[in-house]
Amino acid sequence: SGQQAGGEGDELQELKAMTSYWLRAIHARVPGASVMLVATHIDLAECEESLKLQSEEVRRCVEAELKLMSDEEDEMILPLNVLNHGESYPVNCLTGDGIAELRKSVFEAVQELLWWKELIPRTFLRLEQAVKQRSRDEAVINMSEYMVLVKQAKVHEEEVKIATTMLHEMGVLKYFGHKMTNDKSDTGNSLSLHCLPGIFHCLGCQSFFPQRIHASRQNKIHDNDVANAADITTDAGRDPSKQEQDKYSFEDSVFISPAWMIEVLKGVMRHDWRHLDTFKGDAIGSKKVRKLLQLGIIDEDILKNLWPREKCDEAHTSATRKGIDVSKAVALLRGCDLAHFLGAGGNVDAAEKQQARTRELLCPGIIPHFMRQHQRAVSSSDDFFVSREYEYNIFPAGFTERLVVRCAGRHEDVDCSAGMAVMRGWGRLLVVSWSSEDVVEHTLRVDASTLQQMENFEKDLRALEAFFPGMKRRRQQSEKTRSGEEKVQVGIFWYGKQSKQCAQEIKKTIESKYSSHCYPLNLSCNIYTVSDSVSEDSNFLVNVLCISMECSKKTAGAKIFYNLWNKLTHKKATIIPVILEDYKKYIEEKKTLDKWWPVEIEGMEQYRIFHEYKREEESMRMLYEDVMMKLRRGQGSLLDSMSFCNQNKLLCQDCMRDVNASEEVGEYDLSKKSLQDEDIMMQEVTCSKNAHRKQVKEVLSFNNSFSPCPSCAKQKRVPHFFSRRACLSKLDRTLTAKEYCPSCQREVDV
């Protein structure tokens, strides 16, 4: 019938699309590879004529695809070699028909390969057999156990790297660590494994390349660094415990079971997620599942649900029947550059963060192709200093996912969709966007806040180009989006001798503490005096003002300092006032601690809290943490840093009921009330507009559209009130979201 014909046409189109896709994928990964087409399950074909029709359509598709690829590629990329002129070998696995002919054809094709009859050391083959034998019982072994197998196979110590690399490329095992060094002649050089697809294409593990910084991993060691180099943590301001650091580490793991590795990948690259229906009825669990399926972000406590226990038949090895060790599975994903633990910002003590924080694993490959709308729009092009655009012949499967993971490893936070990734870290911003799958042109656009970010991106991009040698960079275009220089992260301003010494000490402390964490991005921290020419459009992400009594003198320099100060407050810039000892004594004597700034300065009400300058370690540490927290709060955008406005307004219920919409609504001021008073809730307060009187508890009850800061309450101070609407919107992103309280200066769990 016509309907059946239409259905058959759709099937042929799907078959041709699949053929074209895999030819492109193979060519991108292994240019010059030999491809043999096999038509399996021929017993399911309606008739022999239908089988011939499908085979002929595939042959024509291959012919057209090869011609198109030859027109696109240059002479430096080897073309695919499709055997048997694109004709398919039909086989019936039930009856065995066609198997003998297929086996004969495979053998003949292998004999034509360049390395046919190339000799392999017997010790390498013994090691291969030993690994395969061990994989029947275990999926992952540690390095010491692997070295026992190496020793038993009698592999020479100078050939251990070569043998392991061969097995890695063949897919017999996978090793991503740096613990294999030659003590005699190769000390200090880490193992470099250049990985080919091996016996299973779906793994496609990422190669290691010189000078790559593995910032995306818990063990971030330069490839050319010694194995015992100091580890670098991605979690901002926190050195994880050894136990936590090693939990998901691949450094000491040798993965030896291909079947187990495929099962691990099936956990995150699947079409059927019905096993997660167990979370139905669980509000928190359902939200985490939605976050997994829509954003590709997996909470640590549900990782185990990716690999549910299933009944295994006898074909499974005992290694797969034992189930999936979650920590080893995550280590494999991280080793393949398919997953990355999101960094955590904030200004919470390490001990509290260790106990309360739930880690999140980003797997970009999970994000469905229709998730195009990005979580956060970029404020403006002013956030960037340099941009580049690339055009390629193809984006092979896994390319953009690996690129996002590698770039995310150099930043603290990443928001990712199916067509864009926004990375933020220490006030810097990197946006990577790419064309969708259904377009002819494959373009990649990158916008970065600094040249260093762009250079790091170029390194990651070239590493992936080496991993996918069939990718051809057709075009590259660079442009600077802003004139002048890159935005400075921390600007320190001073006037006067004492203020200058304070600025120098602050700069030294910030740079020293920042460098001690070995973050992958540099920190720009500059000192400016009133005599320096700072342009009107200069934007510093964090502005530190060093204030002494010299600033209050009626001099031309002090006047310029005040003008600068007023410009910052008018722009609602991020300001950290640092008060020197002489100015602190002055405001204490005047009893103006509540309004300590000079009368010439306007709009300082939202900057009431200041740092008292002391050279003690604790004081400087708090100042440094405040600077880092404010950088993270902005996440690279000046507009983002201004979005957390003061919500500390208690509206009058009677005014809202009685007055017209055009009139002002009265507010209640609790700033002079002390929560230490036992009867605070029963006290009456008067609104600012119409003198309506209410008890404090009634005012707070009515203003339940705002959420009081629990940290302020613990400290017995009048709380800052967060917008509940803003808080709830943050919960759509993550259940571990935090908001900054300007009153107690802490990050509070939403």
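Residues numbered from 1 in each chain as written. Predicted model: local features only at pLDDT ≥ 70, side-chain atom pairs only at ≥ 80, totals over all residues. Heavy atoms only, no water.

### Side note on the overall build of the chain
Quick reminder of the rule: Each helix is a run of H or I in the DSSP string that is no shorter than four residues. Each strand is a run of E no shorter than two, and both are numbered from the N terminus. Exposure is judged per residue with a 1.4 Å probe applied to protein chains only, and the accessible area is read against the type maximum: over 50% gives exposed, under 20% gives buried, and values in between give partly exposed. Any two residues whose heavy atoms approach within 4.5 Å at even a single point are treated as in contact. Here the Shrake-Rupley method, with its probe set to 1.4 Å, supplies the accessible areas, and only the displayed protein chains count as covering residues.
Looking only at helices and strands, one finds 23 helices and 29 strands in the chain. Looking at the chain residue by residue over its 750 residues, the buried ones come to 49%. Pairs at least 24 residues apart make up 71% of the contacts formed inside the chain by residues separated by at least 6 positions. Working note: accessible area of the chain is about 38200 Å², and carbon and sulfur atoms make up 51% of it.

### Comments concerning the nonpolar core
Worth spelling out the cut-off: To qualify as a nonpolar core, a set must consist of buried Ala, Val, Leu, Ile, Met, Phe, Trp, Tyr and Cys residues joined through side-chain atoms within 4.5 Å.
Formed by 35 residues in total, the largest nonpolar core has its most connected members in F399, L403, V414, V432, L444 and F457. Listed by contribution, the elements that provide at least two residues to this core are strand 11 (386-392), helix 13 (399-408), strand 12 (413-416), strand 13 (420-425), strand 14 (428-434), strand 15 (442-448) and helix 14 (451-467). What F457 contacts, discounting residues up to four positions off in sequence, is Y390, L403, C407, V432, L444 and V446. Membership of the second largest hydrophobic core comes to 33 residues, among which are M261, V264, V268 and L361.

### Description of helix 16 (residues 556-570)
Cut-off, in case you're wondering: Take the number of residues in a helix, subtract one, and multiply by 1.5 Å to get its expected span.
Counted at 1.5 Å a residue, the expected span for helix 16 with its 15 residues is 21 Å, and the 21 Å between its end C-alpha atoms agrees. When helix 16 is considered as a whole, its buried residues turn out to be G557, A558, F561, Y562, W565, N566, L568 and T569. Next to the buried residues of helix 16 lie strand 17 (488-494), strand 19 (540-547) and strand 20 (575-579). Directly beyond the C-terminal end of helix 16, a positive phi value near 55° is found at K572.

### Focus: the environment of M604
Structurally, M604 is set in the loop between helix 17 (581-590) and strand 21 (611-612). For M604, a relative accessible area of 0% puts it in the buried group. Between the C-alpha atoms of M604 and T569, which are 35 residues apart in sequence, the distance is 6.6 Å. Setting aside residues up to four positions removed in sequence, M604 forms contacts with W565, T569, P577, W596 and W597.

### Examining the packing of helix 4 (residues 122-135) against helix 5 (residues 143-152)
Going by this rule: To get an axis, fit a line to the C-alpha atoms, keeping to the stretch in contact for a helix; angles then go from 0 to 180 degrees between the N-to-C directions. Roughly parallel here means an angle under 35 degrees, roughly antiparallel means over 145, roughly perpendicular means 65 to 115, and every remaining angle is called oblique. Left-handed describes a crossing whose near helix is turned anticlockwise from the far helix through less than a right angle; right-handed describes the clockwise counterpart. Gly counts as polar in this scheme, as do all residues outside two lists: the nonpolar Ala, Val, Leu, Ile, Met, Phe, Trp, Tyr, Cys and Pro, and the charged Asp, Glu, Lys and Arg.
Two elements in contact, helix 4 and helix 5, have axes separated by 9 Å at closest approach and are oriented at 135°. On the basis of the axis angle, helix 4 is oblique to helix 5. Crossing hand, helix 4 versus helix 5: right-handed. Two secondary-structure elements touch here, helix 4 through L127, A130, V131 and R134 and helix 5 through E145, Y146, L149 and V150. Its residues placed into classes, the contact of helix 4 with helix 5 shows six nonpolar, no polar and two charged.

### Some thoughts on the packing of helix 13 against helix 14
Between helix 13 and helix 14, the least distance of the axes is 10 Å, while the angle of their chain directions is 145°. Here the hand of the crossing between helix 13 and helix 14 comes out right-handed. For the pair helix 13 and helix 14, the contacting residues are F399, R402, L403, R406 and C407 in the first and F457, D460, L461, A463, L464 and F467 in the second. Each residue belonging to the contact of helix 13 with helix 14 can be placed in one class, and the counts come to eight nonpolar, no polar and three charged.

### Looking at the pattern of salt bridges
Let me state the cut-off plainly: Whenever a carboxyl oxygen of Asp or Glu lies within 4 Å of a side-chain nitrogen of Lys or Arg, that contact is scored as a salt bridge.
Taken as a whole and assessed by the stated rule, the structure comprises 40 salt bridges. Between E63 and R59 there is a salt bridge; the shortest N-O distance is 3.2 Å. A residue pair is termed a helical-turn pair when its members lie 3 or 4 positions apart in one helix, as E63 and R59 do in helix 2 (residues 48-72) at four residues. Bridged by salt links that share partners, the residues K16, E56, E57, R59, R60, E63 and E87 form one connected network.

### Regarding the sheet that holds strand 9 (residues 340-341)
Backbone hydrogen bonds hold the strands of a sheet together, and the pairing may be parallel or antiparallel. The cut-off we apply is this: When DSSP finds two or more bridges between two strands, those strands count as paired.
Spatially, three strands are ordered 8-10-9 in an open sheet, and the strand pairing comes out antiparallel. Two strands close off the open sheet at either side, each with one partner strand: strand 8 (297-299) and strand 9. Across three bridges, the pairing between strand 8 and strand 10 (residues 360-362) is antiparallel. Each residue of the ladder has a partner; that of I298, found in strand 10, is L361.

### Structural notes on a negative patch on the surface
Stated precisely, the cut-off is as follows: Exposure above 30% relative accessible area and the absence of a salt bridge qualify a residue for a patch, where like charges join within 9 Å and nonpolar side chains (Val, Leu, Ile, Met, Phe, Trp, Tyr) within 5 Å. Charged-residue counts in this description rest on Lys and Arg as positive and Asp and Glu as negative, His and the chain ends being excluded. Lys charges are placed at NZ, Arg charges at CZ, Asp charges at CG and Glu charges at CD.
A surface patch of like charges, here negative, comprises D10, E11, E14 and E46. Mapped onto the fold, D10 is located in helix 1 (residues 2-29). Note on D10: relative accessible area 54%, which makes it exposed.

### A short note on helix 2
Here helix 2 spans 36 Å end to end across 25 residues, near enough to the 36 Å set by a 1.5 Å rise per residue. Looking at helix 2, one finds that the buried residues are S50, L51, S55, E57, V58, C61, V62, E65, M69 and E72.

### Considerations on the packing of aromatic side chains
Aromatic ring pairs are described here by two measures, namely the spacing of the ring centres and the angle between the planes. Worth spelling out the cut-off: For Phe, Tyr and Trp, where Trp contributes only its six-membered ring, two rings pair if their centres lie within 6.5 Å, and the inter-plane angle classes them as stacked under 30 degrees, edge-to-face over 60, or tilted in between.
Counted by the stated rule, this structure contains 24 aromatic pairs. Seen in terms of ring centroids, W596 and F610 are 5.4 Å apart; in terms of plane orientation they differ by 75°. Their pairing is edge-to-face. Of this pair, W596 sits in the loop between helix 17 and strand 21 while F610 sits in the loop between helix 17 and strand 21, and the two are 14 residues apart along the sequence. According to the relative accessible area criterion, W596 is buried, its value standing at 1%. Connected via pairs of aromatic rings, a cluster forms that spans F561, Y562, W565, W596, W597 and F610.

### Examining the confidence of the model for the chain
Threshold: On a range of 0 to 100, pLDDT expresses the predictor's confidence in each residue.
In the predicted model, the chain carries a mean pLDDT of 77, and the fraction of residues at 70 or more is 74%. No element of the chain has a lower mean pLDDT than helix 19 (residues 638-642), at 34, and none a higher one than helix 4, at 96. Contacts from residues 344-356, a stretch scored under 50 in pLDDT, to residues over four places away or in other chains number 26 contacts. Residue range residues 635-648 is modelled with pLDDT below 50. Its contacts to residues more than four positions away, or to other chains, number 41 contacts.

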